[in-house]
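# Examining the three-dimensional arrangement
Listed below are the residues making up each chain.
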Amino acid sequence: TDHKDLSCGAIAGSDVTFSSTRVTNSTLAAVAGGCYNSGDKTATFSVPSGAISAHGDAEAELSGQAFAIAAGGGAISSATACLFLFANDGNDSKGECASVAAGAPILWAASVEESIDSVDIGLNLSAGKSYTVEASTVSSAAAGLVAEAHSEAEASGLKASFTVEQ
């Protein structure tokens, strides 16, 4: 299931796009503008109650880029991309994130990026329980009067597999 939430003020823009193996979340703010956006891709599955053993694996590449520049007024941006595998009852979970933030006071510029090329999460699963794999992205940007900020978060190469022994 794909879900996005776009929330932008004046002089700002955003987009969250999906493909079968990717979630990309981009945000831009300029001249007293701001945005906060999220995009998630989820899949839920259940382990049969008669299963002897079960295991789940999730894989992805995670990246985040943030840029801020300010001449008059400050600017800030952030980006986070995560991969989670969790039991829907809240008892078991694993996850990993790439997260960055850039800030610029007056007459300053900043840029930062992080990339995790191979995230592989494994979890032993319990019979009769329901589980979710989630690729989650968040990007935000805010800019003062003479400033600009943009960010991008991406989870790509998404794969999930589940092995059940009956």
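Going by the structure above, here's the rest.
First things first, this report covers the structure right here in the doc. (Residues numbered from 1 in each chain as written. Predicted model: local features only at pLDDT ≥ 70, side-chain atom pairs only at ≥ 80, totals over all residues. Heavy atoms only, no water.)

Once that is clear, we can look at the sheet that holds strand β8 (residues 108-125). Taking strand neighbours across the sheet as the criterion, the 5 strands line up as β2-β3-β10-β5-β8 in an open arrangement whose pairing is antiparallel. Both outer strands of the open sheet, β2 (12-19) and β8, are each paired with one neighbouring strand and no more. Neighbour to neighbour, the strand axes of the sheet diverge by 5° on average, direction disregarded. (Pairing = 2+ DSSP bridges. Helix = DSSP H or I, 4+ residues; strand = E, 2+ residues; numbered from the N terminus. Axes fitted to C-alpha atoms, helices over the stretch in contact; angles between N-to-C directions.)

As a further point, take the packing of aromatic side chains. Applying the stated rule across the entire model yields 2 aromatic pairs. Taking the centre distance of 5.8 Å and the plane angle of 20° together, the rings of Phe45 and Tyr131 count as stacked. Here Phe45 is found in strand β4 (residues 34-46), whereas its partner Tyr131 is found in strand β9 (residues 130-143), with 86 residues between them in sequence. Residue Phe45 shares its accessibility class with Tyr131, and that shared class is buried. Measuring from centroid to centroid gives 3.5 Å for Phe45 and Phe162, while their planes differ by 40°, and the two rings are tilted. Residue Phe45 is located in strand β4, and its partner Phe162 is located in strand β10 (residues 146-165); the two are separated by 117 residues in the primary sequence. Overall, the relative accessible area of 16% leaves Phe45 in the buried class. Linked through ring pairs, Phe45, Tyr131 and Phe162 together constitute an aromatic cluster. (Phe/Tyr/Trp six-rings, centres within 6.5 Å; stacked < 30°, edge-to-face > 60°. Buried < 20%, exposed > 50% of the residue type's maximum accessible area, 1.4 Å probe, protein only.)

The pairing of strands in a sheet happens through backbone hydrogen bonds and is either parallel or antiparallel. The 5 strands are arranged β1-β4-β9-β6-β7 in an open sheet whose pairing can be described as antiparallel. A single partner strand is all that each edge strand has here, and the edge strands are β1 (2-8) and β7 (93-104). On average, each strand axis in the sheet is inclined to that of its neighbour by 5°, with strand direction left out of account. Pairing analysis gives 13 bridges linking strand β6 (residues 75-87) to β9, with the strands arranged antiparallel. When the sheet's bridge partners are listed, Ala79 is paired in β9 with Ser139.

Checked against the element boundaries, Ser139 lands in strand β9. A distance of 2.5 Å separates the side chain of Ser139 from the side chain of Asn25, its partner in a polar contact. Within polar-contact distance, the side chain of Ser139 engages the side chain of Thr27 at 2.4 Å. (Polar contact = N/O pair within 3.5 Å; in protein donor to acceptor, adjacent residues only side chain to side chain.)

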